[in-house]
Amino acid sequence: MHALRTLTAAGLTLLLAACADMGHIAPQSHKLDTAALNPGSAIAAAGAPAAWPNEAWWADLHDAQLNGLVAAALADNPTLHVTQARVRQAESLAGVVEAEDQVQVNARASSNRSLYSTDGTAPPPLNGTWQWLNSATVSANYDFDLWGRNRAALAAALDDVQLTSAESQMARLTLETAVVRGYIQLSLEYALADTTAASLAQRQRILDITRRRRAAGLASDIDVTGIETTLPAGRRALEQSEETIALLRNQLAALIGKGPGDGETIARPTLNLQHAAGLPPNLPAELLGRRPDIAAQRWRVEAASQRIAVAKASFYPNINFAAYVGFESFGFTNFLSAQSAIRGV
């Protein structure tokens, strides 16, 4: 009896030593309540959340070529494919974690032919003979998850799915923005080239007029020379604009995963910039929360919070229920008979 009390006390001591005090383990920062923040008069006057921007926000520029470039970039970009693969991977891992919280059922069957040693542990008539050892079992296991470890792990995995989805959207938005920005810059460069060409043509006309005036004795050589000196700078500016246009075409071709030859086929943009943006008069603060990078950081914090709960629950004891049924016998004669049945809990 004294030995039993001693073993019981030792066991309780070890059990208490394995437990940790969670009272002082807590996050050192706290999330702000957005409803308690002062939004300011401009944001408060916005009222309902803005329905801007649309998912295909570049379509408001009314340029079919731009729509095709964005579609090609989204279809062929390797980085975007990588982020989408990460989303699928996170979804698969979440499915694995969710399955761990369910009843696990496994089936196993084996057939093994062995020679039992004459001087081994096998009793007669098995020793010194070849025998078939056959078994087939079905087992089930269930984790009661008393402290919510599996539930917190599942919540963290689902948060990871949202995180990778937001990162994928951020990669998509970055690519869309790069294509649209480059296309708008191409349109502006064409307009600049038009202005430069018009200015150069005007200087040429002025030069022709000045030369005729000189022939009529109404202008001097100094007047003609003064106009002629401005022409090389105009030609150089026009050449620079043409080089910039070619460079922007190549950049757009690279963004859509094509070569320089495809960039040469990009025609002059026909953007409608007068009524393209469609900005609302006031932008509510909720619009900021729709940014994918901010949403990704939010889900990263949520996932980390759930993993804290997983780590805490790992310190506590848990209960698993397991059971199995099946058959086991030497040889095949009585393999499926009641005498060969095995079971356990």
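Residues numbered from 1 in each chain as written. Predicted model: local features only at pLDDT ≥ 70, side-chain atom pairs only at ≥ 80, totals over all residues. Heavy atoms only, no water.

Engineer: Please give an account of the overall build of the protein chain that cites residues and values.
Structural biologist: Helix and strand counts for the protein chain come out as 10 helices and 4 strands. The secondary structure elements of the protein chain, listed N-terminal to C-terminal, are α-α-α-α-β-β-α-α-α-α-α-α-β-β. Here the protein chain holds 345 residues, and 24% of them are scored as buried. Considering only contacts in the protein chain between residues 6 or more positions apart, those separated by 24 or more positions represent 76%. (Helix = DSSP H or I, 4+ residues; strand = E, 2+ residues; numbered from the N terminus. Buried < 20%, exposed > 50% of the residue type's maximum accessible area, 1.4 Å probe, protein only. Contact = heavy atoms within 4.5 Å.)

Engineer: Any details on a nonpolar patch on the surface? Residues and values, ideally.
Structural biologist: On the surface, a nonpolar cluster with roughly 660 Å² of combined accessible area is contributed by Phe144, Leu146, Trp147, Ile319, Phe321 and Val345. Relative to the assigned elements, leucine 146 resides in the loop between strand 2 (130-143) and helix 5 (149-215). (Patch = residues over 30% accessible without salt bridge, like charges linked within 9 Å, V, L, I, M, F, W, Y side chains within 5 Å. Areas by Shrake-Rupley, 256 points an atom, 1.4 Å probe, with all protein chains shown as cover. Salt bridge = Lys/Arg side-chain N within 4 Å of Asp/Glu carboxyl O.)

Engineer: Run through the sheet that holds strand 1 (residues 104-115), naming residues and quoting values.
Structural biologist: Read across the sheet, 4 strands follow the order 1-2-3-4 without closing on themselves; strand pairing throughout is antiparallel. Looking at strand neighbours, the two that pair on one side only are strand 1 and strand 4 (341-344), the edges of this open sheet. Across the sheet, the mean angle separating the axes of adjacent strands is 15° when strand polarity is ignored. Pairing analysis gives 12 bridges linking strand 1 to strand 2, with the strands arranged antiparallel. The residue of strand 2 that forms the bridge with serine 114 is glutamine 131. (Pairing = 2+ DSSP bridges. Axes fitted to C-alpha atoms, helices over the stretch in contact; angles between N-to-C directions.)

Engineer: Residue-level account of the environment of tryptophan 58, with values.
Structural biologist: With respect to the helices and strands, tryptophan 58 occurs in the loop between helix 2 (40-44) and helix 3 (64-76). The spatial distance from the C-alpha of tryptophan 58 to the C-alpha of threonine 177 is 8.8 Å, given a sequence separation of 119 residues. For tryptophan 58, the residues in contact, after removing those within four places along its chain, are Leu66, Asn67, Val70, Glu176 and Val180.

Engineer: Tell me about the nonpolar core, and please be specific about residues and values.
Structural biologist: Judged by nonpolar contacts, the single largest core of 26 residues is most densely connected at Leu66, Leu69, Val70, Val179, Leu186 and Leu252. Put simply, the parts of the chain that give this core at least two residues each are helix 3, helix 5 and helix 7 (231-255). Ranked by residue count, the leading element in this core is helix 5, at 9 residues. Those residues in contact with leucine 69, other than ones at most four positions away along the chain, are Val179, Tyr183, Leu252, Ile256 and Ile266. Among the nonpolar cores identified, the runner-up in size contains 6 residues, and Ala90, Ala94, Val97 and Leu154 belong to it. (Core = buried A, V, L, I, M, F, W, Y, C linked by side-chain atoms within 4.5 Å.)

Engineer: With reference to specific residues and values, describe the side chain of serine 329.
Structural biologist: The topology assignment puts serine 329 in strand 3 (residues 320-330). Reaching out from serine 329, the side chain makes a polar contact with the backbone oxygen of glycine 331 at a distance of 3.1 Å. With near-sequence residues (within four places) excluded, serine 329 lies in contact with Trp132, Leu133, Asn134, Asn334, Phe335 and Ser340. (Polar contact = N/O pair within 3.5 Å; in protein donor to acceptor, adjacent residues only side chain to side chain.)

Engineer: Summarise the pattern of salt bridges; cite the residues concerned and give the values.
Structural biologist: All told, the structure shown has 8 salt bridges when counted by the stated rule. For glutamate 176, the salt bridge identified is with arginine 172, shortest N-O distance 3.0 Å. Taken as a pair, glutamate 176 and arginine 172 lie in helix 5 at a separation of 4 residues, close to a single helical turn. Here arginine 172 falls in the partly exposed class, since its relative accessible area comes to 24%.

Engineer: Residues and numbers for the packing of helix 4 (residues 78-100) against helix 5, please.
Structural biologist: Each pair of packed helices gets described by two things: the angle between the helix axes and the distance between those axes. At their nearest, the axes of helix 4 and helix 5 sit 9 Å apart, and the two run at 170° to each other. Considering their axes alone, helix 4 and helix 5 lie roughly antiparallel with respect to each other. Where helix 4 approaches helix 5, its residues Leu80, Thr83, Gln84, Arg86, Val87, Ala90, Glu91, Ala94, Val97, Glu98 and Glu100 are matched on the opposing element by Asn150, Ala153, Leu154, Ala157, Leu158, Asp160, Val161, Thr164, Ser165, Ser168, Ala171 and Arg172. Partitioned by chemical class, the residues of the contact of helix 4 with helix 5 number 11 nonpolar, 6 polar and 6 charged. (Parallel < 35°, antiparallel > 145°, perpendicular 65-115°, else oblique. Nonpolar A, V, L, I, M, F, W, Y, C, P; charged D, E, K, R; others polar.)

Engineer: Mind laying out helix 5, listing which residues take part and the relevant values?
Structural biologist: The first and last C-alpha atoms of helix 5 sit 98 Å apart over 67 residues, in line with the 99 Å expected at 1.5 Å per residue. Just past helix 5, the residue glycine 217 takes up positive phi, approximately 80°. (Expected span 1.5 Å × (residues − 1).)

Engineer: Could you give an account of the packing of aromatic side chains, naming the residues involved and the relevant values?
Structural biologist: In this structure the tally under the stated criterion is 5 aromatic pairs. Between the aromatic rings of tryptophan 57 and tryptophan 58, the centroid separation amounts to 5.8 Å while the plane-to-plane angle is 80°, which identifies the pairing as edge-to-face. Overall, the relative accessible area of 24% leaves tryptophan 57 in the partly exposed class. Ring geometry for tryptophan 132 and phenylalanine 332: centres 5.6 Å apart, planes at 55°, overall tilted. With a gap of 200 residues between them, tryptophan 132 in strand 2 and phenylalanine 332 in the loop between strand 3 and strand 4 connect regions that are remote in the sequence. In this structure, arginine 298 is placed above the aromatic ring of tryptophan 299, and the distance from its NZ or CZ to the ring centre is 4.8 Å. (Phe/Tyr/Trp six-rings, centres within 6.5 Å; stacked < 30°, edge-to-face > 60°. Lys NZ or Arg CZ within 6 Å of the ring centre and 35° of its normal.)

Engineer: Please set out unusual backbone geometry residue by residue, giving values where relevant.
Structural biologist: In this model, proline 124 is joined to proline 125 through a cis peptide bond whose omega is 0°. Positive phi, normally seen in glycine, also occurs at histidine 62, with a value near 55°. Residue position: histidine 62 is located in the loop between helix 2 and helix 3. The backbone of aspartate 145 shows a phi angle near 50°, a positive value even though the residue is not glycine. Relative to the helices and strands, aspartate 145 is located in the loop between strand 2 and helix 5.

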